[in-house]
Amino acid sequence: MTTITYIEHSGTKHQIQVENGRSVMQGATDNSIDGILADCGGCCNCATCHVIVDEAWYSKTGSPDDMEKDLLEAVPVPTSTSRLSCQITVSDELDGLVVQLPEEQF
Ligand code: FES
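Residues numbered from 1 in each chain as written. Predicted model: local features only at pLDDT ≥ 70, side-chain atom pairs only at ≥ 80, totals over all residues. Heavy atoms only, no water.

K.L.:
Before we go on, may I ask you to explain the pattern of salt bridges in this structure?
P.N.:
A side chain of one charge can pair with a side chain of the opposite charge if their charged atoms are brought near each other. According to the stated counting rule, one finds 2 salt bridges in the structure shown. We note a salt bridge from Arg22 to Asp30, for which the minimum N-O separation is 2.8 Å. Given the relative accessible area of 45%, Asp30 is considered partly exposed. A salt bridge links Glu68 to Arg83; the shortest N-O distance between them is 2.7 Å. (Salt bridge = Lys/Arg side-chain N within 4 Å of Asp/Glu carboxyl O. Buried < 20%, exposed > 50% of the residue type's maximum accessible area, 1.4 Å probe, protein only.)

As structure tokens, then:
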């Protein structure tokens, strides 16, 4: 299990234990965290799982592929550390990961 902190746009924090191999998106939806819609179920097709990764953690989440980059250009307020949370796989290396949820998805 890996500890991930999800911070809602309002500032409310959720520190969640997520099973390795699940996605950061699934960690949120499994625990009913508001702000992650995940309309496509994790197929990298909707961008409603946008998160802003804490700068200290961004490089550890890997690099978005071309499809994810294209979708990130379409989110309402993209940032330099934006990722689609369905494309980040939870592992021991991400223990302590902090992600912020944007004010709105689509
Ligand atoms: Fe649809 Fe992530 S859940 S792109």
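On we go.
K.L.:
How do you make sense of the pairing of strand 3 (residues 50-53) when you look at a structure like this?
P.N.:
If a strand is regular, its side chains alternate between the two faces of the sheet. Burial of the side chains of strand 3 extends over both faces: His50 and Ile52 are buried on one face and Val51 and Val53 on the other. Relative to strand 4 (residues 82-84), strand 3 is paired through 3 bridges, and the arrangement is antiparallel. Residue Val51 lies in a different strand from strand 4, and its bridge partner there is Arg83. As paired strands, strand 3 and strand 5 (residues 97-100) are joined by 2 bridges and run antiparallel to one another. Bridge pairing links Val53 to Val99 in strand 5. (Helix = DSSP H or I, 4+ residues; strand = E, 2+ residues; numbered from the N terminus. Pairing = 2+ DSSP bridges.)

K.L.:
Whenever I open this one, the side chain of Gln105 confuses me. Can you help?
P.N.:
Here Gln105 shows up in the segment after strand 5. There is a polar contact of 3.0 Å between the side chain of Gln105 and the backbone oxygen of His50. When residues no more than four places from it in sequence are discounted, the contact partners of Gln105 are Gly35, Ile36, Leu37, Ala47, Thr48, Cys49, His50 and Pro76. (Polar contact = N/O pair within 3.5 Å; in protein donor to acceptor, adjacent residues only side chain to side chain. Contact = heavy atoms within 4.5 Å.)

K.L.:
What exactly am I supposed to notice about the sheet that holds strand 5 here?
P.N.:
Across a sheet, paired strands are connected by hydrogen bonds in the backbone, their directions being either parallel or antiparallel. The mixed open sheet is built from 5 strands, whose spatial order is 2-1-5-3-4. Among the strands making up the open sheet, the edge pair consists of strand 2 (13-18) and strand 4. Across this sheet, the average inter-strand angle for adjacent strands is 35 degrees, counted without regard to direction. (Axes fitted to C-alpha atoms, helices over the stretch in contact; angles between N-to-C directions.)

K.L.:
I'm lost on the environment of Asp30 in this one. Help?
P.N.:
Here Asp30 lies in helix 1 (residues 24-30). Looking at Asp30, its side chain comes within polar contact range of the side chain of Arg22, at 2.8 Å.

K.L.:
Where do I start with the pairing of strand 2 in this structure?
P.N.:
One ladder, built from 6 bridges, connects strand 1 (residues 2-7) with strand 2; its direction is antiparallel. Its bridge partner being in strand 2, Thr5 is matched across the sheet by Gln15. Count of turn residues in the strand 1/strand 2 antiparallel hairpin: 5 residues, of which Gly11 carries a positive phi of about 105 degrees.

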